[in-house]
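So the chains spell out like this:
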Amino acid sequence: MTIWEIIGWYVFVYPLAMSIIWTSAGIYFWWRREKSYSRKPSQWPEDWPSVTILVPCHNEEVSIAATCTALQFLNYPDYRVVFIDDASTDNTANIIRRFVGLNPNFHLLRLSENQGKANALNIALSVAVTTSITVVIDADTILLPDTLKYLVYPFLKQPRLGAVTGNPISVNRKNLIEKLQAAEFSSIIGLIKRSQRVFGRVLTVSGCVVAFRTEVLKEVGGFSPYTATEDIDITWKIQKRFYEVWFVPQAVALIQSPATLREYWKQLKRWALGGWHLLRTHKDIFKSWHWRYLYPVYFDFVLGYLWAFCFVFGTLLWAISSIFFHYPLGISPIPAWYGAFLSVAGVVQMSVAAFLNYDYDRNLWKTLFWVPWYFVFLFAFGALTVVWTAPKGLFGSLAGAGKWKSPKRVKMEKPDIRG
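Residues numbered from 1 in each chain as written. Predicted model: local features only at pLDDT ≥ 70, side-chain atom pairs only at ≥ 80, totals over all residues. Heavy atoms only, no water.

Colleague: In this structure, what is going on with the pairing of strand β4 (residues 133-137)? I would like to understand it.
Modeller: Residues in a regular strand point their side chains to alternate faces of the sheet. In terms of burial, β4 is largely enclosed, as 5 of its 5 residues are buried. Taking every second residue as pointing to the same face, both faces of β4 are buried, with Ile133, Val135 and Ile137 on one and Thr134 and Val136 on the other. Taken together, the 4 bridges between strand β1 (residues 51-57) and β4 define a ladder with parallel strand orientation. When the sheet's bridge partners are listed, threonine 52 is paired in β4 with threonine 134. (Buried < 20%, exposed > 50% of the residue type's maximum accessible area, 1.4 Å probe, protein only. Helix = DSSP H or I, 4+ residues; strand = E, 2+ residues; numbered from the N terminus. Pairing = 2+ DSSP bridges.)

Colleague: What exactly am I supposed to notice about the environment of leucine 254 here?
Modeller: Relative to the assigned elements, leucine 254 resides in strand β8 (residues 244-255). Overall, the relative accessible area of 4% leaves leucine 254 in the buried class. A C-alpha to C-alpha distance of 6.3 Å links leucine 254 and valine 171, two positions 83 residues apart in sequence.

Colleague: In this structure, what is going on with the nonpolar core? I would like to understand it.
Modeller: If you look at soluble globular proteins, the nonpolar side chains tend to sit buried side by side. Formed by 51 residues in total, the largest nonpolar core has its most connected members in Val11, Trp236, Ile285, Tyr305, Trp307, Phe311 and Leu378. Secondary structure elements with two or more residues in this core: α1 (3-34), α6 (176-199), α8 (230-240), α9 (261-281), α10 (295-324), α11 (337-356) and α12 (371-395). With 10 residues, the top contributor of residues to this core is α10. What isoleucine 285 contacts, discounting residues up to four positions off in sequence, is Trp236, Lys240, Trp291, Leu294, Tyr295 and Tyr298. Within the second largest apolar cluster, 39 residues are counted, among which are Cys68, Tyr150, Val152 and Phe185. (Core = buried A, V, L, I, M, F, W, Y, C linked by side-chain atoms within 4.5 Å. Contact = heavy atoms within 4.5 Å.)

Colleague: Where do I start with the side chain of threonine 92 in this structure?
Modeller: Checked against the element boundaries, threonine 92 lands in helix α3 (residues 92-102). Of the polar contacts made by the side chain of threonine 92, one reaches the backbone nitrogen of glutamate 61; its length is 3.2 Å. Apart from residues lying up to four places away in sequence, threonine 92 is in contact with Cys57, Asn59, Glu60, Glu61 and Asp85. (Polar contact = N/O pair within 3.5 Å; in protein donor to acceptor, adjacent residues only side chain to side chain.)

Colleague: Any chance you could explain the packing of α6 against α9 here in plain terms?
Modeller: When two helices pack together, you describe them by how their axes are tilted relative to each other and by the distance separating the axes. Where α6 contacts α9, the two axes come as close as 10 Å, and the packing angle between them is 30°. When the axes of α6 and α9 are compared, the pair comes out roughly parallel. Relative to α9, α6 is oriented so that their crossing is left-handed. Across the interface between the two elements, Ile177, Gln181, Glu184 and Phe185 of α6 pack against Leu261, Tyr264, Gln267 and Trp271 of α9. The residue inventory of the contact of α6 with α9, partitioned by class, reads 5 nonpolar, 2 polar and 1 charged. (Axes fitted to C-alpha atoms, helices over the stretch in contact; angles between N-to-C directions. Parallel < 35°, antiparallel > 145°, perpendicular 65-115°, else oblique. Left-handed = near helix turned anticlockwise from the far one by under 90°. Nonpolar A, V, L, I, M, F, W, Y, C, P; charged D, E, K, R; others polar.)

Colleague: Which parts of the structure should I look at to understand the side chain of histidine 282?
Modeller: Position of histidine 282 relative to the elements: it lies in the loop between α9 and α10. Residue contacts for histidine 282: discarding those within four places in its chain leaves Asp233, Trp236, Lys237, Lys240 and Tyr298.

Colleague: For this particular structure, what's the right way to read the packing of aromatic side chains?
Modeller: The description of an aromatic ring pair rests on the distance of the ring centres and on the angle between the ring planes. A full pass over the atoms with the stated rule returns 25 aromatic pairs. Aromatic side chains tyrosine 264 and phenylalanine 381 sit 6.3 Å apart centroid to centroid with 10° between the ring planes, which places their arrangement in the stacked category. Placement of tyrosine 264 in helix α9 and of phenylalanine 381 in helix α12 is noted, with a sequence separation of 117 residues between them. This pair shows no difference in class: tyrosine 264 is buried, exactly as phenylalanine 381 is. Through pairs of rings, three or more aromatic residues link up here, namely Trp236, Phe286, Trp289, Tyr295, Tyr298 and Phe299. Looking at arginine 160, its charged tip hangs above the ring of tyrosine 243, at a distance of 4.2 Å from the centre. One cation-aromatic arrangement involves lysine 240 over tryptophan 291; the distance from NZ or CZ to the ring centre is 5.0 Å. (Phe/Tyr/Trp six-rings, centres within 6.5 Å; stacked < 30°, edge-to-face > 60°. Lys NZ or Arg CZ within 6 Å of the ring centre and 35° of its normal.)

Colleague: How should I be thinking about the sheet that holds β8 in this particular structure?
Modeller: Across the sheet, 8 strands lie side by side as β3-β2-β1-β4-β7-β6-β8-β5; this open sheet has mixed pairing. Here the strands that pair on one side only, and so sit at the sheet edges, are β3 (106-111) and β5 (142-143). With 8 bridges joining them, strand β6 (residues 161-170) and β8 adopt parallel strand pairing. Considered in β8, the bridge of alanine 163 is made with valine 245. Running at roughly 155° to β8, α8 makes contact with β6, β7 (209-213) and β8 of the sheet.

Put into structure tokens, the structure is as follows:
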């Protein structure tokens, strides 16, 4: 067997193996921890801790009104909302001020210079948070009325709990890119979080909807401005202090996914760059055996990035050798039996995800038709961003890595997730 045959088998076997692991572990999580979790309000405790919701904003005038509106109607007795306007140059602050004037529990913290999302959150954490629980959401995230209770309730049961990540559901599903991402959030991201909780450690919270125990957040030094994805970094800092991170699928948050290929490319680049920063900044876990429970998550991430390089360079070699030498080497990107096999595995995985998420998104099954295209198109697209960001991620300066520019927003329409 040649080296390229071995690499070809790795390119095929790795995503297939992970699909099997995610699907089977996701089913186990649902059976043992999710199926019996009561959704009845009568089961809630009488007393709830005070909560501060932080909403970092930078040029969010298109979507911020919908977020503010939803935050007015949370089914929670004691919460305050702090909007952090990170030097927006549009009408974001004025829109927020209108809601602040109508809601005594709404507050606006305006920064005169752009600090980046992590620094903006740290400033708010130091001057505006006095509650025991801190929730962070994105400026285009819509919380359902009971979502805050689902985020907070686990902290009442587990004293070693550092963070709880919610269940983001992408609601814009008009074009192909949007449909694929709706499938991705449930069949990939949702199943990954379920399976990682089964094995004990989570790669990352969802930065668009996550709750923290405030004292833990301050203990680990808050959010790092030296990474493109502060949500990944804070997850690892919390777990390295031996606190747990839970995934609660009942804590639903409605989000927007990128509507264009360009915006999706930018998002994937940021995620890929944040992955490289993770590998650089948290490689110290191997210095202590006490952090051994993080080893599998780290190694899985390495294997995933290795897969991306094998796929991209194998495909590139195949194209060059086929065109110029008429003797193809490398890995053929043309779907054959292995492509069909992976597509079938993807449909099975998505079908399981649609079943597990039925209570939260009853129209998810409508994206099943598009799932095979995910493996053909966006799966490869993600691999390309890993390779593209490798030089900057491995060798670039971390200073200023947390500077941000909000993705292009669209006005949130009434979501269609309940059937």
